[in-house]
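Structural description and commentary
The primary structure of each chain is shown beneath.
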Amino acid sequence: MPLLVEGQRVRLPQSAGELVRAHPCLEERARLLRGQSVQPVGPQGLLYVQQRELAVTSPKDGSISILGSDDATTCHIVVLRHTGNGATCLTHCDGTDTKAEVSLIMNSIKSFSNDVHGGRLEVHLVGGFSDERQLSQKLTHQLLSEFDRQEDDIHLVTLCVTELNDREENENHFPVISGIAVNIKTAEIYRASFQDRGPEELLRAARALAGGPMISIYDAETEQLRIGPYSWMPFPHVDFWLQQDDKEILENLSTSPLAEPPHFVEHIRSTLMFLKKYPSPMSTLFPGNKALLYKKTQAGLWEKTSFPES
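About the thresholds
Residue numbers run consecutively from 1 along every chain, following the written order of its sequence. Per-residue local features are limited, in this predicted model, to residues with pLDDT of at least 70; the limit for side-chain atom pairs, both in listing and counting, is 80 or more; totals at the level of whole chains, interfaces and linings are taken over all residues. Values reported for side chains reflect all heavy atoms of the structure, with hydrogen atoms and water molecules removed beforehand. Secondary structure elements are defined from DSSP: runs of H or I of at least 4 residues count as helices, runs of E of at least 2 residues count as strands, and each element is numbered from the N terminus. Only C-alpha atoms enter the radius of gyration; for comparison, a globular chain is expected to reach 2.2 Å times N to the power 0.38, where N is the number of residues. Residue contacts are defined here by distance: any two heavy atoms, one from each residue, within 4.5 Å place the two residues in contact. Residue exposure ignores everything except the shown protein chains as possible cover, and the areas themselves are Shrake-Rupley values with a 1.4 Å probe. This count recognises Lys and Arg as positive and Asp and Glu as negative, with His and chain-terminal groups excluded. Working definition for charges: the position is that of NZ of Lys, CZ of Arg, CG of Asp or CD of Glu. We call a residue buried when its accessible area falls under 20% of the maximum for its residue type, exposed when it is over 50%, and partly exposed in between, using a 1.4 Å probe and counting protein chains only. N or O atoms closer than or at 3.5 Å make up a polar contact, with two conditions inside protein: a donor-capable atom paired with an acceptor-capable one, and, for residues adjacent in sequence, both atoms drawn from side chains. Pairing between strands is defined by DSSP: at least two bridges between them are needed. Think of each axis as a best-fit line through the C-alpha atoms, taken over the contacting stretch in the case of a helix, with angles from 0 to 180 degrees between the N-to-C directions. Computed over the protein atoms alone on a 1 Å grid, cavities are sets of points where a 1.4 Å probe fits but cannot get out and pockets are open sets with protein on both sides within 12 Å along at least five of seven lines; a residue lines them when it has an atom within 4 Å of a point. Grid points are joined across faces, edges and corners, and a volume is the space filled by probe spheres set on the points. We call Asp, Glu, Lys and Arg charged. Ala, Val, Leu, Ile, Met, Phe, Trp, Tyr, Cys and Pro are nonpolar, and the rest, Gly among them, are polar. Note: the arc covers the axis-to-C-beta directions of the helix. The span one expects for a helix is its residue count, reduced by one, times 1.5 Å. Only one rule defines a salt bridge in this text: a Lys or Arg side-chain nitrogen within 4 Å of an Asp or Glu carboxyl oxygen.

Looking at an unreviewed UniProt entry, one finds the protein chain named Protein N-terminal asparagine amidohydrolase and attributed to Castor canadensis.

In structure tokens:
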């Protein structure tokens, strides 16, 4: 079934700009989102989603009320929500395997389908800019095409991507919005930044940098963040990269060197050091080959829980 805007079938392929011109409501929503100020989001009720991660929950969740992600340059942040039961999925897509990622997004929402009463599926796409390599444009096209191929009707509500999320400064292009949050209970989507990025930030980042696929990180039934167990191959030429200066790392390990946040190089360097320290994470980081489980405390912080039985 098709991707729809206000009940009308979306005509593909076309660029994000062409799409919003055909559907002025999308252009207006993108304008309003771009015009917002960035809200800092604290740890209370927050589940932060890294690149190549997915999290889904519903308003019934007693621990998580906000899903969010940031530091998206050419990446897109995708929110899919079912208006019937409020089940909401947020993921940070980088175009590695968009077909598999959209399938995972759809299945994650369908796992909540037992208690659906009416409603519809609504998708929100935010991120990317007019980058030189046109990676954002490619990812926008992939995401629109894959959602259009799904069996279910999917209503495109927010499209603030690529040229719609672009600003120019001294002839260089940058994304306007690089981070968003969604309130699970109210369905509000807003520009956001995050200080607390949850537990095991480097371990999760290392998995993505080492080429790991999109994975779901949260069990809404037990209200636990679930990390691993997973393994990776030794990172190619890790010592070489650790010897490079900031400029080399930025130019070679980023899809958009000029648009990265100030902490990008430090983050990559720390992640590379982590990969060097733990070339075989399965045996060292996941005792008994079991997942690391975390649960929110009343103060809103993540606390490690006991290992699962199986």
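When helices and strands are counted, the protein chain shows nine helices and 19 strands. Against the 2.2 N^0.38 benchmark of 19 Å for 310 residues, the protein chain shows a C-alpha radius of gyration of 19 Å, consistent with a compact globule. The C-alpha extent of the protein chain, read off along each of the three principal axes, is 55 × 50 × 35 Å. Contacts spanning at least 24 positions in sequence make up 72% of the contacts within the protein chain whose residues lie at least 6 apart. When the accessible surface of the protein chain is totalled, it reaches about 14700 Å², and 49% of it is carbon and sulfur. When the 30 basic and 41 acidic side-chain charges of the protein chain are each reduced to a single mean position, those positions are 3 Å apart.

Our focus in this paragraph is the side chain of N165. With respect to the element layout, N165 can be found in the loop between β10 (154–161) and β11 (166–169). Given the relative accessible area of 0%, N165 is considered buried. A polar contact of 2.9 Å, which involves the side chain of N165, links it to the backbone nitrogen of I177. Contacts of N165, omitting those with residues within four sequence positions, involve G127, G128, F129, C160, F174, P175, V176 and I177.

Turning to the sheet that holds strand β7 (residues 76–82), a few remarks are in order. Here we have eight strands laid out as an open sheet, ordered β2-β1-β10-β9-β7-β8-β5-β15, and mixed in their pairing. In the strand order of this sheet, the two ends are held by β2 (8–9) and β15 (215–216), each with one partner. Pairing between β7 and strand β8 (residues 88–93): six bridges, direction antiparallel. In the strand pairing of β8, R81 is matched with T88. Contacts from helix α4 (residues 135–148) reach β1 (3–5), β2, β7, β8, β9 (121–127) and β10, with the element oriented near 20° to β7.

Now for the layout of surface pockets. Computed from the structure, the largest pocket encloses a volume of approximately 840 Å³. Forming the walls of the largest pocket are 32 residues, and the residues nearest its centre are Q51, C75, D94, L253 and F264. Those elements giving two or more residues to the lining of the largest pocket turn out to be α4, α5 (201–209) and α8 (264–277). Taken together, the residues of the lining of the largest pocket sort by class into eleven nonpolar, 13 polar and eight charged. The computed volume of the second largest pocket comes to approximately 350 Å³. Taken together, 18 residues line the second largest pocket, and the ones lying closest to its centre are V56, S111, F112, A220 and E221.

So, about the pairing of strand β18 (residues 292–296). Of all five residues making up β18, four are buried, and the element is well covered by its neighbours. Note: strand β17 (residues 224–227) against β18, four bridges, orientation antiparallel. In the sheet register, R226 faces β18, and the bridge partner there is L293. With three bridges connecting them, β18 and strand β19 (residues 302–304) associate as antiparallel partners. When the sheet's bridge partners are listed, K296 is paired in β19 with W302. Taking the residues between adjacent antiparallel strands as the criterion, β18 and β19 are bridged by five residues, where G300 takes a positive phi near 95°.

Residues of helix α2 (residues 24–34) that are buried include every one of C25, L26, A30 and L33, and no others. Buried residues of α2, seen end-on, are gathered within an arc of 135° and therefore sit on one face of the element. For α2, the elements touching its buried residues are β1, α1 (16–22), β9, β10 and β14 (189–194).

To continue, consider α8. Between its first and last C-alpha, α8 extends 20 Å over 14 residues, near the 20 Å set by a 1.5 Å rise per residue. Buried residues belonging to α8 abut α5, α6 (238–243) and α7 (246–253).

This brings us to the pattern of salt bridges. Following the criterion strictly, the structure yields 13 salt bridges and no others. With a closest N to O distance of 2.7 Å, D94 and R52 form a salt bridge. Of this pair, D94 sits in the loop between β8 and α3 (98–110) while R52 sits in the loop between β4 (46–48) and β5 (53–57), placing them 42 residues apart in sequence. As far as burial versus exposure is concerned, D94 and R52 are alike and both buried.

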